[in-house]
Structures are given as structure tokens and as C-alpha cells.
Amino acid sequence: MPFTSSLLPELIEATAEAIAKNAEEITLLDQAIGDGDHVTNLQRGLDALMMQRTEISQLDWPAAWQKIGMVVMSTIGGASGSLYGTLFVAMGKAASAKELNVQSFSEAFFQAVEAVKHRGKSDAGEKTMLDVLVPVAKNIQEAAASSLPLSKLLEQTKQAAIAGMESTRDMLATKGRASFLGERTKGHIDAGAMSSQLMICAVVDVLHAHLTTPPQ
Ligand code: ADP
Ligand code: MG
């Protein structure tokens, strides 16, 4: 893996910044078809991660992911807290005691998304964060299998995340709070799909920058 966990403070900062910058838009989406608390929930988790970012960056990737999952699970709350928490804890577990490379990362991420599906009793197509996570996991797996250059994999990951988010616009919500509104959910992007897209793209941008200019 060309990236070390010393990048974690930068990754956490970039993620928090992406959510802060788009807070208003995500809140409007969650107000339209949810209860409007998604950003507040997420920011509780991101604030906790910001406070612990140096400590977390001293762990190896799998241990750091597990720690992030635990922090997120105990601070975010709402439906998204346990789902984002599950994603990171499962990713850490799946990657633990393995040599980390693009292939093993893609498997760990895939398993983590499976764990989110299980936890949420949901799948892609139901207007949730899974409409971003599932295509992103699939894209990384395919890219790893075909040994796509990392810069290309990162670029495609962003495209998959954005397309996945956009795909929720015309979907009918069948899971989470939005499902109570039925047909009225059509025409709005899902808040969790938007937050996961923004966080994935923020992570990718940091990784991409380090790919072209390795840290001295
Ligand atoms: P809450 O819905 O409890 O207020 P949040 O507002 O923090 O929690 O998060 C809402 C987001 O969580 C939704 O936009 C959706 O993406 C995601 N979500 C909710 N329920 C599920 C589920 N069962 N499976 C996957 N994602 C879900
Ligand atoms: Mg909400």
C-alpha cells in the first residue's frame, strides 16, 4: 500500500471540511425527506475524530479503522451512526493481520459494505448511503482485479460515488425515516448518499495528492 496511516489526520480534516462546506445542502436534503439532523449527527462524530486524529494516526490501518468505527458508533447516533460505525469496524476486522495492498483493501471494503447491508437490512436501490457504497466497492474490486493504475482507480472511485449519489434522486425510499414519506421522496437526493459521496471524494482527493507528490 503506497499510503500510510500517518495520512489519517489529513484525511479526517479533509472529510470534516467537506461536510462543513456542504452542511446546508445536506441538511436541506435531510429536512426534505428525513428529520434534518444528519449533519449534526455526522459532525459530532467528525469532531470526536478530529480530537483523536493524532492518536489514531499512530495505529496501523486496520486498528485505525476499528478505532474510527468505535468512535463514530458511539458519537454520531441516528441510523447513520451505527451504519458508518459498522463500515469502519468491519473494514478493520477484514483487513487485520493481512498484508495491505489494493487487492486486500478492495476485499476488506467489499466485506465492510456487506456488513452495512446486513446491519441496515438494506441494499442498493433503496435510496440510502448504500447507493454510493455498493457501486464504489464494486468499482474498487473491478479495478483491483484488472490491476488498474492507482490514479485511475481513484478517479473512477469518485465517478462511481457521484453517479451513485445522483441515482438516489429518482428512487423511492424504502428504508430509514424517508420510507415513511413514500412517493414524496422522489426528486430528492438522499442525505446519507450525499454525505458518503462527499467523504469518499474528500478521501480520494487527499490520496491523489499524495500519489503525485509523495510526502518528503
Ligand atoms: P436518522 O435517519 O436516524 O435521523 P441520520 O439522519 O443521521 O439518521 O442518517 C440518515 C441516513 O442514513 C439516510 O439518509 C440514509 O442514507 C441512511 N440510512 C438510514 N437507514 C438506513 C438503512 N436501513 N440502510 C442503509 N442506510 C440507511
Ligand atoms: Mg436524520
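Higher on the page you've got the structure.
If you're wondering where the values come from, they're calculated on a predicted model, not measured in any experiment.

### Observations regarding the coordination of the magnesium ion (ligand 2)
- All of the protein donors around the magnesium ion (ligand 2) are Asp 30 (OD), Asp 35 (OD) and Asp 37 (OD); their distances to the metal are 2.0 to 2.7 Å.
- On the primary sequence, the residues serving as donors to the magnesium ion (ligand 2) are separated as D-x4-D-x1-D.
- When its relative accessible area of 11% is taken as the criterion, Asp 30 is described as buried.
- A relative accessible area of 25% means that Asp 37 is categorised as partly exposed.

### Examining the pattern of salt bridges
- Following the criterion strictly, the structure yields 10 salt bridges and no others.
- A salt bridge links Lys 117 to Asp 123; the nearest nitrogen and oxygen atoms lie 3.5 Å apart.
- When its relative accessible area of 18% is taken as the criterion, Lys 117 is described as buried.
- For Asp 123, a relative accessible area of 35% translates into the label partly exposed.
- As a salt-bridge pair, Glu 155 and Lys 152 come within 3.7 Å of each other at their nearest N and O atoms. Placement of the pair is Glu 155 and Lys 152 together in helix H9 (residues 150–167), with a separation of three residues, close to one helical turn.
- What you see here is one network of salt bridges that share partners, running through Glu 114, Lys 117 and Asp 123.

### Considering the nonpolar core
- Counting 65 residues, the largest nonpolar core has Ile 19, Leu 49, Phe 109, Val 113, Leu 133 and Val 136 as its most contacted members.
- Considering each element in turn, this core owes the most residues, 11 residues, to helix H10 (residues 191–212).
- Phe 109 has contacts with Leu 87, Met 91, Leu 133, Val 136, Ala 137 and Ile 140, leaving out every residue within four places of it along the chain.

### Quick look at the packing of aromatic side chains
- Enumeration according to the criterion identifies three aromatic pairs in this entry.
- With a centroid separation of 5.8 Å and an interplanar angle of 55°, the aromatic rings of Trp 65 and Phe 105 are classed as tilted. Taken together, the positions of Trp 65 in helix H5 (residues 61–75) and Phe 105 in helix H7 (residues 102–120) put the pair 40 residues apart, joining distant regions of the chain. Pair check on accessibility: Trp 65 and Phe 105 agree, each one buried.
- Taken together, Trp 61, Trp 65, Phe 105 and Phe 109 form an aromatic cluster joined through their ring pairs.

What counts as what
- Residues numbered from 1 in each chain as written.
- Chains lettered and ligands numbered in written order.
- Predicted model: local features only at pLDDT ≥ 70, side-chain atom pairs only at ≥ 80, totals over all residues.
- Heavy atoms only, no water.
- Donors = N, O, S within 2.8 Å, 3.2 Å for Na, K, Ca; no water.
- Buried < 20%, exposed > 50% of the residue type's maximum accessible area, 1.4 Å probe, protein only.
- Salt bridge = Lys/Arg side-chain N within 4 Å of Asp/Glu carboxyl O.
- Helix = DSSP H or I, 4+ residues; strand = E, 2+ residues; numbered from the N terminus.
- Core = buried A, V, L, I, M, F, W, Y, C linked by side-chain atoms within 4.5 Å.
- Contact = heavy atoms within 4.5 Å.
- Phe/Tyr/Trp six-rings, centres within 6.5 Å; stacked < 30°, edge-to-face > 60°.

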